Amino acid sequence: RKQWQELKLELGDLLLQVVYHSRMAEEAGLFDFDAVATAISDKMVERHPHVFGEVTITDAEAQTRAWEDLKATERQTRSVEPVSALEGVPIGLPGLLRAMKLQKRAARSGFDWPDKLPVLDKIREEIDELEATLRSPDARSLQEDEFGDLLFTMVNFGRHSGFEPEQALQRAANKFERRFRALERVAAERGIVLEQSSIEQLEAIWQEVKAREQTA
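Note that the coordinates shown come from a computational prediction; the quantities given were computed from them, not determined experimentally.

Definitions and cut-offs
Residues numbered from 1 in each chain as written. Predicted model: local features only at pLDDT ≥ 70, side-chain atom pairs only at ≥ 80, totals over all residues. Heavy atoms only, no water. Phe/Tyr/Trp six-rings, centres within 6.5 Å; stacked < 30°, edge-to-face > 60°. Helix = DSSP H or I, 4+ residues; strand = E, 2+ residues; numbered from the N terminus. Buried < 20%, exposed > 50% of the residue type's maximum accessible area, 1.4 Å probe, protein only. Contact = heavy atoms within 4.5 Å. Salt bridge = Lys/Arg side-chain N within 4 Å of Asp/Glu carboxyl O.

(A) How the structure looks around the packing of aromatic side chains. Taken as a whole and judged by the stated rule, the model has 2 aromatic pairs. Residues Phe 176 and Phe 180 carry aromatic rings whose centres are separated by 5.9 Å and whose planes lie at 15° to one another, so their mutual orientation is stacked. Placement of both Phe 176 and Phe 180 in helix 8 (residues 165–189) is noted, with a separation of 4 residues, approximately one turn of the helix. Judged by centre distance (5.4 Å) and plane angle (40°), the rings of Phe 176 and Trp 206 are tilted. Within this pair, whereas Phe 176 is found in helix 8, its partner Trp 206 is found in helix 9 (residues 199–215), the two being separated by 30 residues in sequence. Relative accessible area serves as the criterion here: at 49%, Phe 176 is assigned to the partly exposed category. Site record: aromatic cluster; members linked through ring pairs are Phe 176, Phe 180 and Trp 206.

Here you go:
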């Protein structure tokens, strides 16, 4: 949003956390702030041999593959046990982003659909399974599981289509907000109170707003 002063403050908050945790680690005799800065510098050099070494990278896609290969090698060298392909995907990531990362990792191991068409079939299958749970009023937990499966599969379709699911959802949310605000304005102009209107009345205005957008 180009709120540069706010960005400065937020960067300060972020820096405070780095300094704070580094200081606690230093007091515990583990590492200090300089060690943190050195570690990230070393990691950037190691993961960019095409910049700091003699490796040649032809395009962005090749760079992404090389980056992931280097990370996988690092994970293997840090562990004496076999490391899962999913190792290192943070559990605290937002759900859509974590789903995407898990799917990408699994795909690198060959566990993936050949293209997006089978994923569409899987989406239909998940919708059917979700609908089936609605017939059981006591199956709320199962309904949530099936709903999660549907979302996960939708992310998979987005990955195969080259869409970023978070970006796509944000665009949909922005579109909904824009249209709902327009609906509110139309209703106010006509003296319609939303809370006292039927869903059929509001849906008619919604469709009118959509039509205006499409012809604008």
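(B) Spatial organisation of the side chain of Gln 143. You can see Gln 143 is positioned in helix 7 (residues 140–161). Here Gln 143 is in contact with Leu 130, Thr 133, Leu 134 and Ser 136, once residues within four sequence places are set aside.

(C) Molecular detail of the pattern of salt bridges. Counted by the stated rule, this structure contains 11 salt bridges. Residue Asp 121 pairs with Arg 124 through a salt bridge whose shortest N-O separation is 3.0 Å. Note that Asp 121 and Arg 124 are positioned in helix 6 (residues 116–133) at a spacing of 3 residues, about one turn of the helix. Asp 121 sits in the partly exposed class, given a relative accessible area of 48%. For Arg 124, a relative accessible area of 49% puts it in the partly exposed group. Between Glu 208 and Arg 190 there is a salt bridge, with the nearest N and O atoms lying 2.5 Å from each other. Linking Glu 208 in helix 9 with Arg 190 in the loop between helix 8 and helix 9, this pair joins segments that are 18 residues apart in sequence. Three or more residues joined by partner-sharing salt bridges are found here, namely Arg 23, Glu 26 and Glu 27.

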